[in-house]
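# Commentary on secondary and tertiary structure
The residues making up each chain are set out below.
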Amino acid sequence: MTSLRVRIGILGLVLLAGSAAPASPAAAAATPVPTVEEQRLDQAVPREILERSGFDAVPLHFTQALGTARSYAEARKVVVRQGSALWKRAVDRAQGRGPAGGDLSRDDDRPLYWARLGMTREVRTWEPSFGLSEEQRAALLGELERTSRGQTAVRYPGGDRLKRVLVTGFDPFTLDRDIRISNPSGASALALDGTVIETAEGPARVETVVFPVRWQDFTDQTVERALRPYLKKVDLFTTVSQGRVGRFDVERTNGAWRGGFPDNDNVGVTEVVPVPDPASQPQWTSTTLPYKAIVDADTGRFPVYDNTSVTEIPAGGTVPVVRADGPTAGSTARAGGGGNYLSNEIAYRVTLLRDRLGLHDVLPGGHVHTPVLEFGAGNTDPATGVVTDPGFVKNRLDIIAQVRAILVVAVEKAT
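Residues numbered from 1 in each chain as written. Predicted model: local features only at pLDDT ≥ 70, side-chain atom pairs only at ≥ 80, totals over all residues. Heavy atoms only, no water.

## Brief notes about the overall build of the protein chain
Threshold: By definition, any uninterrupted DSSP run of H or I lasting at least four residues is a helix, any uninterrupted run of E lasting at least two residues is a strand, and each is numbered from the N terminus. Based on C-alpha atoms, the radius of gyration is set beside the globule rule, defined as 2.2 Å times the residue count to the power 0.38. Summary of the burial criterion: residues with accessible area below 20% of their type's maximum are buried, those above 50% are exposed, and those between are partly exposed, where the area comes from a 1.4 Å probe applied to protein chains only. Any pair of residues with heavy atoms lying within 4.5 Å of one another is described as a contacting pair. The accessible surface values rely on the Shrake-Rupley method and a 1.4 Å probe; as for residues, cover is taken only from the protein chains in view. Here Asp and Glu are counted as negative and Lys and Arg as positive; His is not counted, and neither are the chain ends. Note on charges: their place is set at NZ of Lys, CZ of Arg, CG of Asp or CD of Glu.
Counting secondary structure elements, the protein chain contains 12 helices and 16 strands. Relative to a compact globule of 415 residues, whose C-alpha radius of gyration would be 22 Å, the protein chain shows 23 Å and is just as compact. In terms of overall dimensions, the protein chain has a C-alpha envelope of 85 × 60 × 50 Å along the principal axes. Burial statistics for the protein chain: of 415 residues in total, 53% are counted as buried. Considering only contacts in the protein chain between residues 6 or more positions apart, those separated by 24 or more positions represent 76%. As displayed, the protein chain offers around 17,700 Å² of accessible surface, 54% of which is attributable to carbon and sulfur atoms. On the protein chain, the mean spot of the 48 positive side-chain charges and the mean spot of the 49 negative ones are 3 Å from each other.

## Description of the nonpolar core
For clarity, the cut-off: Here, nonpolar core refers to any group of buried Ala, Val, Leu, Ile, Met, Phe, Trp, Tyr and Cys residues whose side-chain atoms link them within 4.5 Å.
Formed by 37 residues in total, the largest nonpolar core has its most connected members in Phe-62, Leu-66, Trp-114 and Val-123. Residue assignment for this core shows that the elements contributing at least two residues are α2 (44–51), α3 (57–66), α4 (72–94), α5 (110–125), α6 (134–148) and α7 (184–192). Tallying contributions element by element places α4 first for this core, with eight residues. Those residues in contact with Leu-66 that lie beyond four places of it in its chain are Ala-75, Val-78, Val-79, Glu-122, Val-123 and Trp-126.

## Focus: the environment of Pro-111
Assignment of secondary structure puts Pro-111 in helix α5. Using a relative accessible area of 2% as the deciding quantity, one classes Pro-111 as buried. Put simply, Pro-111 and Val-165 are 54 residues apart on the chain and 25 Å apart in space, counted from C-alpha to C-alpha. Once residues lying within four places of it in the same chain are set aside, the contact partners of Pro-111 are Ile-49, Leu-50, Ser-53, Phe-55 and Leu-104.

## What about empty space enclosed by the protein?
We apply this condition: Lining residues are those with an atom within 4 Å of a point, where the points come from a 1 Å grid over the protein atoms alone and group into cavities, where a 1.4 Å probe fits but cannot get out, or pockets, open sets with protein on both sides within 12 Å along at least five of seven lines. Grid points are joined across faces, edges and corners, and a volume is the space filled by probe spheres set on the points. Only Asp, Glu, Lys and Arg are considered charged, only Ala, Val, Leu, Ile, Met, Phe, Trp, Tyr, Cys and Pro nonpolar, and every remaining residue, Gly among them, polar.
Taken as a whole and assessed by the stated rule, the structure comprises three cavities of 30 Å³ or more. Roughly 60 Å³ of internal volume is contained in the largest cavity. Surrounding the largest cavity, Asp-109, Leu-112, Tyr-113, Arg-116, Phe-170, Asp-171, Pro-172, Gly-186 and Val-210 form its lining. Counting residues per element, the lining of the largest cavity draws most heavily on α5, which supplies three residues. Across the lining of the largest cavity, the residue classes break down as five nonpolar, one polar and three charged. Quantified by volume, the second largest cavity comes out at close to 40 Å³. Forming the boundary of the second largest cavity are Phe-55, Ala-90, Arg-93, Ala-94, Arg-106, Asp-108, Pro-111, Leu-112 and Leu-190. Looking at the lining of the second largest cavity, the elements with two or more residues in it are α4 and α5.

Next up, the structure:
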C-alpha cells in the first residue's frame, strides 16, 4: 500500500549565465500537506458539525498549545494531554456529563472524528522552529491517534467482582458518498465506555476503543498493539462495525482477504490480510461469542442474524463461490461473513490474536455488525439534506441500546 502521507518535492534549479560558475544546488525541504481525509475538513458539513457540538474550538486550542512547545519532548506532552482530553470530552458528552456545547445530539460520534482530524492536520503540517524529523512527526501522530481513540484509557478495576468486556468501534466512512455520515459503532463505543452493565451473572465493566478506517493503520498492526495487552485480562470482547440495512449480524466466520474497497484516504488494497508470521496464518477464523443465544434473545427493534455465509475459492479451484454455511476444507478466503473490508479485517485480526494467545476455548469473542444508520424520511439526499434529524437520532439511539442489550446476553450466556 502506498504511504498515507503525501509530500510535494520542490526542486531548486540554478540557471547559469556566461561561463559555468560553481553552483551549490539545494533542494528545498518537502512541504508537509494534509491527507485526503484531513482535506475534507474544509467542507461545510464538518464545520457545521463541529460548531453545533462546541468541538470547533478543539483544533484551535490544540494549535495554540502546540505553539508553546519549545522541543520535541514538550510537543509530545502537549499531544498526549490534548489527545486524551479529546477522548474524555467525547465520552463525557455522549454520556451526558458537562455541557452539550450546542444543539447536536449528545449521542453523535462525528464531533470526535472531525475534531481529531483538525488536530492531526495541525501535527502533520506543523513546522516548529526547533525542527521536526519525519520520525518525530510520525511518533506525534501515533500518540495523538492512540490517545484520542481511547486506546490508552482502558481501565478495569481489580478483583473478581466485575466481568470485563472490551468493545471496539470505527470512524465514519464512505464520506465522499455522503459526508454527513455517522458510524453507530463509534457512537456505541462513546456511549458504553467505562459503563457498568447489569447482567444475570453480575455487573460487567465495558471499556471501548475506536479504530480508523484506513488500510495502512491495520497493516501497521494498530489493532494488535491496542488490544493485545487486554485479551488475557477480559472475560469477553466484541468488535463492532456498521453492516447491512435494517439488521444486526453476528458474523460466524472471518476471512484473511482484503477486497480493495477504498478507505478514508481513498486508498484501496487487494491482498491477503498482512499479519505477523504469515507462514502459520489461517484462511479463516471463527467467533466464540454465544451467537445462538444472541440471535434468540429479544434485544431490540432490529432483527439479529447468525450470519454463516462466506465467499471462498474451493480447494483446487480458481473461481470464488459463495457458501451459505461457511467455508469448506482447504479453501482460500475471499470474504468472511462480514465481507472483505476493514470490519472483516478487525474481526479476523482480533480472533486470530485470541487464538495465537491460546484463548480460543476460554475467551468469548467475535464481531457484531450493526444496521446501517439511516437518516429520516425525506433527508436522504447528501446535496440537499441536513446534518441531523429526529429519525437519524432515534435510529442511532436504538442501535446503541441494542448493542448494549446484546452485550448483556453475551455476558450471561458466555459465563
